[in-house]
Amino acid sequence: MLHDTIAHALNQQILLEGQSSHTYLTMAVWAETQGFDGVAEFLYAHSEEEREHMLKLMRFVNERGGIAQVPTVEAGPTEYGGLKEVFESILAHETKVTESINHVVDVCLQAKDYTTHHFMQWYVSEQIEEEGLARRILDKLALAGNDQGALYLFDRDILSFQTPAQGSHAG
Ligand code: OFO
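Below: a short report on this structure. The structure displayed is predicted, hence computed values, not measured ones.

### Regarding the packing of aromatic side chains
Here comes step 1: Taken as a whole and assessed by the stated rule, the structure comprises 8 aromatic pairs.
Here comes step 2: Seen in terms of ring centroids, F87 and F154 are 6.3 Å apart; in terms of plane orientation they differ by 80°. Their pairing is edge-to-face. Here F154 lies in helix α5 (residues 148–157) and F87 lies in helix α3 (residues 83–110), a separation of 67 residues in the sequence.
Here comes step 3: Relative accessible area serves as the criterion here: at 1%, F87 is assigned to the buried category.
Here comes step 4: Over the ring of W122 we find K56; its NZ or CZ atom is 4.5 Å from the centre of that ring.

Right, dumping it as structure tokens:
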């Protein structure tokens, strides 16, 4: 049975993962309508991954005797000044998600809930990858600068920037 403080922390994380999914979705729409088809593909796929992260948490809460709350997600920004701004927002968002996961882990340790602590380790590893990927992409964008040809290649190649583990480990 989940302690109330753990259930609350997990439901907060469910909300944040839902917001992540929604944020990536709005970014995907922006990218698609700007002609960045590769980036849009990347972001649509990432939105799905975030939904899986949310569902994995919801199923865990329910399995452990809690009640998962279906989050109400607020609309995020729909306009971006360019790809750099999109990926800077992603890195800032993922850094916030990492802090939140660390908070959940901390609450688990305080409550001596080692089962949930163990479950959360998957999210700890996931965040290392997500922040790392956002940084790698920002490095590539810095190299491309405002060169339209380089941005064309960036858009064409972005799906190959993911680590082999990505896209196959949720669930
Ligand atoms: Fe769920 O990993 Fe990003 O936010």
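From this point on, the discussion continues.
### What to know about the pattern of salt bridges
Here comes step 1: Across all of its chains, the model carries 3 salt bridges by this definition.
Here comes step 2: Of the charged contacts in the structure, one is a salt bridge between E88 and K84, with a shortest N-O distance of 2.9 Å. With a gap of 4 residues between them, E88 and K84 both fall in helix α3, about one helical turn apart.
Here comes step 3: With a relative accessible area of 52%, K84 lands in the exposed category.
Here comes step 4: We note a salt bridge from R156 to D157, for which the minimum N-O separation is 3.0 Å.

### Topic: the nonpolar core
Here comes step 1: Residues V39, L43, F87, I137 and F154 are the most contacted members of the largest nonpolar core, which totals 26 residues.
Here comes step 2: Of all the secondary structure elements, the ones that give two or more residues to this core are α1 (4–33), α2 (37–63), α3, α4 (114–144) and α5.
Here comes step 3: The element contributing the most residues to this core is α4, with 6 residues.
Here comes step 4: Not counting residues within four places of it along the chain, the set of residues in contact with F154 comprises V39, L83, F87, I137, K140, L141 and F161.
Here comes step 5: The next biggest cluster of nonpolar side chains, apart from the first, holds 22 residues, and it includes L2, F60, V97 and V107.

### Topic: unusual backbone geometry
A negative phi holds for most residues other than glycine; trans holds for most peptide bonds.
Here comes step 1: Positive phi, normally seen in glycine, also occurs at K112, with a value near 55°.
Here comes step 2: Residue position: K112 is located in the loop between α3 and α4.
Here comes step 3: K112 gets classed as exposed once you look at its relative accessible area, which sits at 60%.

### As for α1
Here comes step 1: Between the first and last C-alpha of α1 there are 44 Å, a value that for 30 residues agrees with the 44 Å anticipated at 1.5 Å per step.
Here comes step 2: Downstream of α1 by a residue or two, G35 has a phi angle that is positive, lying close to 90°.

### Let's talk about the layout of surface pockets
Gaps between atoms show up when a probe of the same size as a water molecule is rolled over them.
Here comes step 1: Here the largest pocket defines a volume of roughly 270 Å³.
Here comes step 2: If you go around the largest pocket, you meet 15 residues; those closest to its centre are L83, K84, G145, N146 and L151.
Here comes step 3: Only α3, α4 and α5 provide two or more residues apiece to the lining of the largest pocket.
Here comes step 4: With 4 residues, the single largest contributor to the lining of the largest pocket is α5.
Here comes step 5: Classifying every residue of the lining of the largest pocket gives 7 nonpolar, 5 polar and 3 charged.
Here comes step 6: For the lining of the second largest pocket, the secondary structure elements donating two or more residues are α1 and α3.
Here comes step 7: Across the lining of the second largest pocket, the residue classes tally to 5 nonpolar, 6 polar and 2 charged.

Cut-off values and rules
Residues numbered from 1 in each chain as written. Predicted model: local features only at pLDDT ≥ 70, side-chain atom pairs only at ≥ 80, totals over all residues. Heavy atoms only, no water. Phe/Tyr/Trp six-rings, centres within 6.5 Å; stacked < 30°, edge-to-face > 60°. Helix = DSSP H or I, 4+ residues; strand = E, 2+ residues; numbered from the N terminus. Buried < 20%, exposed > 50% of the residue type's maximum accessible area, 1.4 Å probe, protein only. Lys NZ or Arg CZ within 6 Å of the ring centre and 35° of its normal. Salt bridge = Lys/Arg side-chain N within 4 Å of Asp/Glu carboxyl O. Core = buried A, V, L, I, M, F, W, Y, C linked by side-chain atoms within 4.5 Å. Contact = heavy atoms within 4.5 Å. Expected span 1.5 Å × (residues − 1). 1 Å grid on protein atoms, 1.4 Å probe; cavity = no way out; pocket = protein on both sides within 12 Å on 5 of 7 lines; lining within 4 Å. Points joined across faces, edges and corners; volume = space filled by probe spheres on them. Nonpolar A, V, L, I, M, F, W, Y, C, P; charged D, E, K, R; others polar.

Shape descriptors only; they carry no functional weight alone.
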